[in-house]
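# Geometric and topological summary
Now for the letters of each chain:
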Amino acid sequence: MGKLNKAERQNKLRDKLKENPFLVDKELSEMFDVSIQTIRLDRMELGIPEVRKRTKMVAKQAYSKVKSVQSGEIIGELVDIELDQNGLSILEVTEELCLEKTKIVRGHHIFAQANSLAVAIIDTDVALTGSSDVRYNRPVYIGERLIAKARVDKAKKNKYYVNVETKASEDVVFVGNFIMFSVDDPERKEV
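Reference entry: report on the structure contained in this document. Owing to the predicted nature of the structure, the values given are computational and were not obtained by experimental measurement.

How each quantity is defined
Residues numbered from 1 in each chain as written. Predicted model: local features only at pLDDT ≥ 70, side-chain atom pairs only at ≥ 80, totals over all residues. Heavy atoms only, no water. Phe/Tyr/Trp six-rings, centres within 6.5 Å; stacked < 30°, edge-to-face > 60°. Helix = DSSP H or I, 4+ residues; strand = E, 2+ residues; numbered from the N terminus. Buried < 20%, exposed > 50% of the residue type's maximum accessible area, 1.4 Å probe, protein only. Lys NZ or Arg CZ within 6 Å of the ring centre and 35° of its normal. Axes fitted to C-alpha atoms, helices over the stretch in contact; angles between N-to-C directions. Parallel < 35°, antiparallel > 145°, perpendicular 65-115°, else oblique. Contact = heavy atoms within 4.5 Å. Nonpolar A, V, L, I, M, F, W, Y, C, P; charged D, E, K, R; others polar. Pairing = 2+ DSSP bridges. Expected span 1.5 Å × (residues − 1).

## Points about the packing of aromatic side chains
- Under the definition given, this model contains 2 aromatic pairs.
- Judged by centre distance (5.7 Å) and plane angle (45°), the rings of Phe 111 and Phe 178 are tilted. Taken together, the residues span a long stretch of sequence, with Phe 111 in helix H5 (residues 107-120) and Phe 178 in strand E6 (residues 171-182) at a distance of 67 residues.
- For Phe 111, a relative accessible area of 26% gives the class partly exposed.
- For Phe 178, a relative accessible area of 1% gives the class buried.
- Ring geometry for Tyr 136 versus Phe 174: centroids 5.1 Å apart, planes at 65°, classification edge-to-face. You can see Tyr 136 sitting in strand E3 (residues 127-136) and its partner Phe 174 sitting in strand E6, a full 38 residues away along the chain.
- Residue class for Tyr 136 comes out partly exposed when judged on its relative accessible area of 40%.
- Taking the ring centre of Tyr 161 as reference, the NZ or CZ of Lys 154 above it sits at 4.7 Å.

Next comes the structure, spelled out in structure tokens:
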């Protein structure tokens with residue numbers, strides 16, 4: 001990006017965080033070629049909270065829209081949702097999610113994040129998974145951040161075809177195609 005003066009850097013920092021509020025200070029420091037401490041000072045001067053607080057602010061708005069699950073049933077932090085369209089969740093990989101010997105996240109945690117997001121984006125009181133076709137592309141390690149993006153590809157009566165793609169860093173680590181069913185709306189039931 002080249003060396004910017006402080007005012008230019010802070011303007012670009014504000015723009016970057018509007019585009020993607022989930023960038024961590026380390027990623028920002030690499031983008032702007034400055035120290036993490038410089039990024040922290042810039043954020044403080046601009047009144048921009050750290051990534052956890054930014055995520056919680058965005059998540060609060062997203063959770064209020066969900067009908068099909070309670071907030072505690074979603075694996076990861078739900079940060080964006082448009083019912084019957086798409087959603088986004090973030091899961092920080094901690095030691096508790098990993099195999100003790102290898103520090104690789106257990107696959108069922110990655111699946112659970114994707115599946116709970118697929119359930120959450122359905123605009124119904126009760127949504128269930130009918131089937132899933134999943135692929136794991138690489139191991140995920142402790143300290144990585146999983147970002148799952150779900151989208152409804154097609155809806156037909158009470159059946160929803162949902163695609164979920166999960167990334168760690170820039171790598172797609174998981175892809176799942178889910179068939180979800182709404183079971184509470186008699187108007188939508190298959191005949």
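## Some points on the packing of helix H1 (residues 6-19) against helix H3 (residues 36-46)
- In contact at an axis separation of 10 Å, H1 and H3 are set at 80° when each is read in the N-to-C sense. Classified by the angle their axes make, H1 and H3 are roughly perpendicular. Here Lys 6, Arg 9, Gln 10, Leu 13, Arg 14 and Leu 17 of H1 come into contact with H3, specifically with Thr 38, Ile 39, Asp 42, Arg 43, Glu 45 and Leu 46.
- Across the contact of H1 with H3, the residue classes break down as 4 nonpolar, 2 polar and 6 charged.

## Things to note about the sheet that holds strand E4 (residues 145-156)
- Across the sheet, 6 strands lie side by side as E1-E2-E4-E5-E6-E3; this open sheet has antiparallel pairing. This sheet does not close on itself; its edge strands, each paired only once, are strand E1 (77-82) and E3. Between one strand and the next, the sheet's axes are offset by a mean angle of 20°, whatever the strand orientation.
- Taken together, the 10 bridges between strand E5 (residues 159-168) and E6 define a ladder with antiparallel strand orientation. Residue Asn 163 lies in a different strand from E6, and its bridge partner there is Asn 177.

## Side note on unusual backbone geometry
- The phi angle at Asp 33 is positive, at roughly 55°, despite the residue not being glycine.
- Checked against the element boundaries, Asp 33 lands in the loop between helix H2 (25-32) and H3.
- In the Ramachandran plot, Lys 103 falls in the positive-phi region, its phi being about 60° despite a non-glycine side chain.
- Here Lys 103 lies in the loop between strand E2 (86-92) and H5.
- Given the relative accessible area of 28%, Lys 103 is considered partly exposed.

## Thoughts on H5
- Here H5 is 14 residues long and its end C-alpha atoms lie 20 Å apart, about the 20 Å a rise of 1.5 Å per residue gives.
- Buried residues dominate H5, accounting for 10 of its 14 residues.
- Every buried residue of H5 is listed here: His 109, Ile 110, Gln 113, Ala 114, Asn 115, Ser 116, Leu 117, Ala 118, Val 119 and Ala 120.
- Of the surrounding secondary structure, the elements contacted by the buried residues of H5 are E1, E2, E3, E4, E5 and E6.

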